[in-house]
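Listed here are the chains, written in short residue letters.
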Amino acid sequence: MTKTPIELLRESAPATRPVIALSEGQDPRIVAGALAAHKADLADVILVGPQAEVEAALQAEGASASDGVAIHDPATSDLTEEFANLYYELRKHKGVDLAKARAVAETQLAYAAMLVRTGRATGTVGGAVHTTGDVVRTAIQIIGMAPNAGMISSFFLMYPPENAQPGARAMLYSDCGLVIDPSSAELAKIASASAASARALLRTEPKIAMLSFSTKGSAKHPVVNKVIEATDTLRADAPDLQVDGELQFDAAFVPSVGERKSPGSDVAGQANVMIFPNLDAGNISYKITQRIGGYSAIGPVMQGLAQPANDLSRGCSADDVTQIIAVTILQAQTN
Ligand SMILES: CC(C)(COP(=O)(O)OP(=O)(O)OC[C@H]1O[C@@H](n2cnc3c(N)ncnc32)[C@H](O)[C@@H]1OP(=O)(O)O)[C@@H](O)C(=O)NCCC(=O)NCCS
Ligand SMILES: CC(=O)OP(=O)(O)O
């Protein structure tokens with residue numbers, strides 16, 4: 001059984017106490033999830049948001065600001081001026097002036113990302129209220145890309161329900177949140193980053209399926225060619241990775257179908273890293289797996305950033321918030 005992020009953290013807690021900045025501190029699911037993370041001794045939390053609204057949300061959970069649960073209101077915080085100046089330095093080449101920088105620093109997303117950038121928080125989580133576009137754009141601008149990452153993409157960790165059918169397994173789906181229509185070279189980079197994320201967070205040897213509506217030439221189309229080229233690029237760049245493509249989902253997931261459609265493959269039928277050809281396929285597939293298949297979906301987790309910043313679906317639950325806090329801490333440990 002694959003361990004969840006919370007279970008992994010219970011086994012090996014970081015040496016220094018993590019601090020997670022929640023950029024939507026007034027949302028009831030964020031507050032409940034953050035309090036659960038704090039009670040489970042995973043992290044201290046900073047709830048970023050308007051003071052009175054965050055206090056009310058805490059009160060609704062029978063809690064208040066205390067040791068390890070802090071409230072930061074960007075409108076009144078002593079740090080906002082520093083963050084405005086830093087944002088100005090980072091973005092003046094894009095025409096940002098000091099007034100604009102001050103307005104950005106007062107937004108909850110930017111303020112929370114600045115807490116991470118300046119080392120006051122280990123990572124940040126948002127997206128229960130804001131769209132993924134806004135969460136990602138803020139992270140790219142303030143936290144930036146890790147050296148050598150090449151690009152930023154995202155993934156979901158998918159965990160099967162207890163009553164799942166035989167063969168169900170924990171998987172990583174990518175990209176379901178960020179890169180809308182990757183080129184073949186970008187698709188290869190997404191797959192390679194996802195393999196590293198699967199090792200770090202699922203603690204498993206990645207078996208990568210490059211997904212398509214075609215398996216091994218069963219259909220001919222330029223969009224199929226993109227997946228074939230990405231598979232070739234990945235094989236050339238990382239010959240040690242186990243990868244197969246192009247594969248349909250059934251060939252990737254079901255051993256008997258994999259054997260029939262891609263005989264002799266060491267990935268078909270056993271894949272645990274599913275790489276989708278574009279964001280339509282990835283986003284729709286993760287939601288179907290979650291909402292009809294009953295899998296729990298943790299993400300979108302971002303890969304390729306210099307420091308951890310993660311997103312949520314606006315449809316998330318408090319438990320999703322606790323789980324992605326755990327993922328954020330694990331990423332900081334393995335970065
Ligand atoms: C991520 C996203 C917001 C970036 O879009 P955007 O703001 O239009 O992007 P731009 O092309 O203007 O780029 C903005 C900045 O991000 C950078 N960037 C964009 N995508 C990037 C990526 N994948 N990796 C690294 N940098 C990236 C650009 O280089 C640019 O940097 P700069 O401002 O320093 O020049 C966009 O790809 C998006 O909307 N994705 C889909 C999100 C979504 O709706 N998901 C569905 C629900 S989960
Ligand atoms: C990941 C995702 O689809 O986010 P949302 O549901 O908020 O659009």
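Figured I'd write up the structure that's included with this text. Computed from a prediction, not measured in an experiment: that's the story for all the values here.

### What to know about the overall build of the protein chain
Line of reasoning, step 1. Along the backbone of the protein chain there are 13 helices and 11 strands.
Line of reasoning, step 2. A compact globule built from 335 residues would reach a C-alpha radius of gyration of about 20 Å, and the protein chain, at 20 Å, matches this within 12%.
Line of reasoning, step 3. Seen through its principal axes, the protein chain has C-alpha atoms that stretch 65 × 50 × 35 Å.
Line of reasoning, step 4. Relative to its full complement of 335 residues, the protein chain shows a buried share of 53%.
Line of reasoning, step 5. Sequence separation of at least 24 residues holds for 72% of the intrachain contacts in the protein chain that already meet a minimum separation of 6.
Line of reasoning, step 6. Counting only carbon and sulfur atoms, one obtains 51% of the accessible surface of the protein chain, whose full area is about 14,500 Å².
Line of reasoning, step 7. For the protein chain, the distance from the average position of its 27 positive side-chain charges to the average position of its 36 negative side-chain charges is 5 Å.

### Focus: the site of ligand 1
Line of reasoning, step 1. By nearness alone, 17 residues border ligand 1, and Lys 94, Arg 137, Ile 152, Gly 177 and Leu 178 come closest of all.
Line of reasoning, step 2. Here Arg 137 contributes a side-chain N or O atom positioned 2.5 Å from an oxygen atom of ligand 1.
Line of reasoning, step 3. Between a nitrogen atom of ligand 1 and a main-chain N or O atom of Gly 177, the distance comes to 2.8 Å.
Line of reasoning, step 4. Protein chains shield 59% of the accessible area of ligand 1, which is 930 Å² for the free molecule.
Line of reasoning, step 5. Of all the secondary-structure elements, those providing two or more residues to the shell around ligand 1 are helix H7 (132-142) and helix H12 (279-291).
Line of reasoning, step 6. Among the elements that make up the shell around ligand 1, the one with the highest residue count is H7 (5 residues).
Line of reasoning, step 7. Here the shell around ligand 1 is built from residues that sort into 10 nonpolar, 4 polar and 3 charged.

### Details of empty space enclosed by the protein
Line of reasoning, step 1. If you walk through the whole model with that rule in mind, you get 2 cavities of 30 Å³ or more.
Line of reasoning, step 2. What the largest cavity holds in volume is close to 80 Å³.
Line of reasoning, step 3. Looking at the largest cavity, the residues that line it are Ser 23, Leu 109, Ala 113, Thr 124, Val 125, Gly 126, Val 135, Thr 138, Ala 139, Met 302, Ala 309 and Asn 310.
Line of reasoning, step 4. Looking at which element gives the most residues to the lining of the largest cavity, the answer is H7, with 3 residues.
Line of reasoning, step 5. Put simply, the second largest cavity is a space of about 60 Å³.

### Brief notes about the sheet that holds strand E3 (residues 69-72)
Line of reasoning, step 1. The strand order across the open sheet built from 5 strands is E3-E2-E1-E4-E11, with neighbouring strands paired in parallel fashion. Either end of the sheet is taken by a strand with one partner, and the two such strands are E3 and strand E11 (309-310).
Line of reasoning, step 2. Alignment of strand E1 (residues 19-22) against strand E4 (residues 123-125), held across 3 bridges, turns out to be parallel. What sits directly across from Ile 20, in E4, is Gly 123.
Line of reasoning, step 3. Contacts between helix H6 (residues 108-117) and the sheet are confined to E1, strand E2 (44-48), E3 and E4, with E2 contributing the most and set at about 150° to the helix.

### Considering the sheet that holds strand E6 (residues 171-174)
Line of reasoning, step 1. The sheet built from 6 strands is open, its strands ordered E8-E7-E9-E6-E5-E10 with mixed pairing. Strands at the two margins of the open sheet, each flanked by one partner only, are strand E8 (242-247) and strand E10 (296-303). Strand-to-strand twist of the sheet, defined as the mean angle between neighbouring strand axes without regard to direction, takes the value 20°.
Line of reasoning, step 2. Looking at chain direction, strand E5 (residues 153-159) and E10 are connected through 6 bridges and run antiparallel.

### Focus on the packing of aromatic side chains
Line of reasoning, step 1. Scanning the entire structure with this criterion turns up 5 aromatic pairs.
Line of reasoning, step 2. With centroids separated by 5.5 Å and ring planes inclined at 20°, the aromatic side chains of Phe 249 and Phe 253 adopt a geometry described as stacked. Note that Phe 249 and Phe 253 are positioned in helix H10 (residues 249-253) at a spacing of 4 residues, about one turn of the helix.
Line of reasoning, step 3. By way of ring pairs, the aromatic residues Tyr 173, Phe 249, Phe 253 and Phe 276 are connected into one cluster.

### Re the pattern of salt bridges
Line of reasoning, step 1. In the structure shown here, the tally under the stated rule is 14 salt bridges.
Line of reasoning, step 2. Among the salt bridges present, the one from Lys 3 reaches Glu 11, with a minimum N-O distance of 3.0 Å.
Line of reasoning, step 3. Residue Lys 3 is classed as partly exposed on the basis of its relative accessible area, which comes to 37%.
Line of reasoning, step 4. Overall, the relative accessible area of 52% leaves Glu 11 in the exposed class.
Line of reasoning, step 5. One salt bridge in this structure joins Arg 29 and Asp 27, with 3.1 Å as the shortest N-O distance.
Line of reasoning, step 6. With a relative accessible area of 23%, Arg 29 lands in the partly exposed category.
Line of reasoning, step 7. Counted as one network, the salt bridges with shared partners bring together Arg 17, Asp 41 and Asp 44.

Quick notes on the rules
- Each chain has its residues counted from 1, following the order in which its sequence is written.
- Here the convention is simple: chains get letters from A, ligands get numbers from 1, in the order in which they are written.
- For a predicted model such as this one, the threshold for reporting local features is a pLDDT of at least 70, and the threshold for listing and counting side-chain atom pairs is 80 or more; totals across whole chains, interfaces and linings nevertheless cover every residue.
- To get the side-chain values, take all heavy atoms of the structure and skip hydrogens and water.
- Strands are runs of DSSP state E lasting at least 2 residues, helices are runs of H or I lasting at least 4, and numbering of each runs from the N terminus.
- Computation of the radius of gyration draws on C-alpha atoms alone. For the globule rule, the value is 2.2 Å times the number of residues to the power 0.38.
- To sort residues, take the accessible area from a 1.4 Å probe on protein chains only and compare it with the maximum for the residue type: under 20% means buried, over 50% means exposed, and anything in between is partly exposed.
- Whether two residues are in contact is decided by their heavy atoms: any pair within 4.5 Å suffices.
- Surface accessibility follows the Shrake-Rupley procedure with a 1.4 Å probe radius. Residue values consider only the protein chains on display as shielding.
- A positive count includes Lys and Arg, and a negative count includes Asp and Glu. His and the chain ends are not counted in either.
- By convention, charge coordinates are those of NZ in Lys, CZ in Arg, CG in Asp, or CD in Glu.
- By convention in this text, a residue qualifies as near a molecule or strand provided that one of its non-hydrogen atoms is within 4 Å of it.
- Definition of a polar contact: a pair of N or O atoms within 3.5 Å, with one able to donate and the other able to accept a hydrogen when the atoms are protein atoms, and with sequence-neighbouring residues admitted only if both atoms are side-chain atoms.
- For this classification, the nonpolar set comprises Ala, Val, Leu, Ile, Met, Phe, Trp, Tyr, Cys and Pro, the charged set comprises Asp, Glu, Lys and Arg, and every other residue, Gly included, is treated as polar.
- Cavities and pockets are found on a 1 Å grid laid over the protein atoms alone: a cavity is a set of points where a 1.4 Å probe fits but cannot escape, a pocket is an open set with protein on both sides within 12 Å along at least five of seven lines, and a lining residue has an atom within 4 Å of such a point.
- Grid points are joined across faces, edges and corners, and a volume is the space filled by probe spheres set on the points.
- Paired strands are those between which DSSP finds at least two bridges.
- To get an axis, a line is fitted to the C-alpha atoms, and for a helix only the part in contact is used. The angle between two axes follows their N-to-C directions and goes from 0 to 180 degrees.
- Two aromatic rings from Phe, Tyr or Trp, using only the six-membered ring of Trp, form a pair when their centres are within 6.5 Å; if the ring planes differ by under 30 degrees the pair is stacked, by over 60 it is edge-to-face, and anything between is tilted.
- A pairing counts as a salt bridge when a side-chain nitrogen of Lys or Arg comes within 4 Å of a carboxyl oxygen of Asp or Glu.

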